[in-house]
Amino acid sequence: MLRESYTAIVERSETLRGSFATEPYECGWAGEAIFFVRILERAGNLEGVTLHVQISPDGIRWCDEGTAITLGEEEVAFGKVAHFGNWLRLSGRLPHGASMRAIIALSLKA
């Protein structure tokens, strides 16, 4: 049996500063998810910045799921999630004066 998969781009090359969250994505049909963070440009020190996977029952109220993605010098970072209910997003806080342009993808499999 061939598994179903889908990739959603939840952040597309916008400049991120301070506190941010990606577009929420409804994905209750999936059994697993991976967030990929591809940094296109960086300004300031992003090393050690942690992004958090968040879950929601309704796409409005959010809580941290527990999975964290720590940014380093690499171009691409990722975080895997297996139990997440219906809605997912990624949130983070960049240090004062730091910014990044990134493509953040959410890859889902049923």
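Shown above is the structure to which this text applies.
Reading the values: rules and limits
- Residues numbered from 1 in each chain as written.
- Predicted model: local features only at pLDDT ≥ 70, side-chain atom pairs only at ≥ 80, totals over all residues.
- Heavy atoms only, no water.
- Salt bridge = Lys/Arg side-chain N within 4 Å of Asp/Glu carboxyl O.
- Helix = DSSP H or I, 4+ residues; strand = E, 2+ residues; numbered from the N terminus.
- Buried < 20%, exposed > 50% of the residue type's maximum accessible area, 1.4 Å probe, protein only.
- Disulfide = S-S within 2.5 Å.
- Pairing = 2+ DSSP bridges.
- Axes fitted to C-alpha atoms, helices over the stretch in contact; angles between N-to-C directions.
- Core = buried A, V, L, I, M, F, W, Y, C linked by side-chain atoms within 4.5 Å.
- Contact = heavy atoms within 4.5 Å.

(A) Representation of the pattern of salt bridges. A complete count under the given rule lists four salt bridges for this structure. With a shortest N-O distance of 3.0 Å, Arg-3 and Glu-32 are connected by a salt bridge. Here Glu-32 lies in strand S4 (residues 32-43) and Arg-3 lies in the segment before strand S1 (5-17), a separation of 29 residues in the sequence. Classification of Arg-3 by relative accessible area gives partly exposed; the value is 44%. Residues Arg-38 and Glu-75 are paired through a salt bridge, measuring 3.0 Å at the closest nitrogen-oxygen approach. Placement of the pair is Arg-38 in strand S4 and Glu-75 in the loop between strand S6 (63-70) and strand S7 (76-81), with a sequence separation of 37 residues. When its relative accessible area of 38% is taken as the criterion, Arg-38 is described as partly exposed. Given the relative accessible area of 44%, Glu-75 is considered partly exposed.

(B) Quick peek at the state of the cysteines. Using the criterion set out here, one finds zero disulfides in the structure. Residue Cys-27 stays outside any disulfide, its sulfur separated by 14 Å from that of Cys-63, the closest cysteine. Taking relative accessible area as the criterion, Cys-27 reaches 0% and is therefore assigned buried.

(C) Local environment of the sheet that holds S1. Spatially, four strands are ordered S1-S9-S4-S7 in an open sheet, and the strand pairing comes out antiparallel. In the strand order of this sheet, the two ends are held by S1 and S7, each with one partner. Along the sheet, successive strands turn relative to each other by an average axial angle of 15 degrees, direction set aside. Inspection of the sheet shows S4 paired to strand S9 (residues 99-109) by 11 bridges, in the antiparallel sense. Across the sheet, the residue bridging to Val-37 is Ile-104, located in S9.

(D) Just the nonpolar core, in detail. Grouped together as the largest cluster of nonpolar side chains are 28 residues, with contacts concentrated most on Phe-35, Val-37, Leu-51, Leu-71, Leu-88, Leu-90 and Met-100. Here the element with the most residues in this core is S9; it accounts for five residues. With residues near it in sequence (within four places) discarded, Val-37 still touches Leu-51, Ile-69, Leu-71, Glu-75, Val-76, Ala-77, Leu-90, Ala-102, Ile-103 and Ile-104.

(E) Structural context of the environment of Cys-27. With respect to the secondary-structure elements, Cys-27 resides in the loop between strand S3 (25-26) and S4. Taking the C-alpha atoms as reference points, Cys-27 and Arg-17, separated by 10 residues in sequence, lie 27 Å from one another. For Cys-27, the contacting residues outside a window of four places in its chain are Phe-84, Gly-85, Asn-86, Leu-88 and Leu-108.

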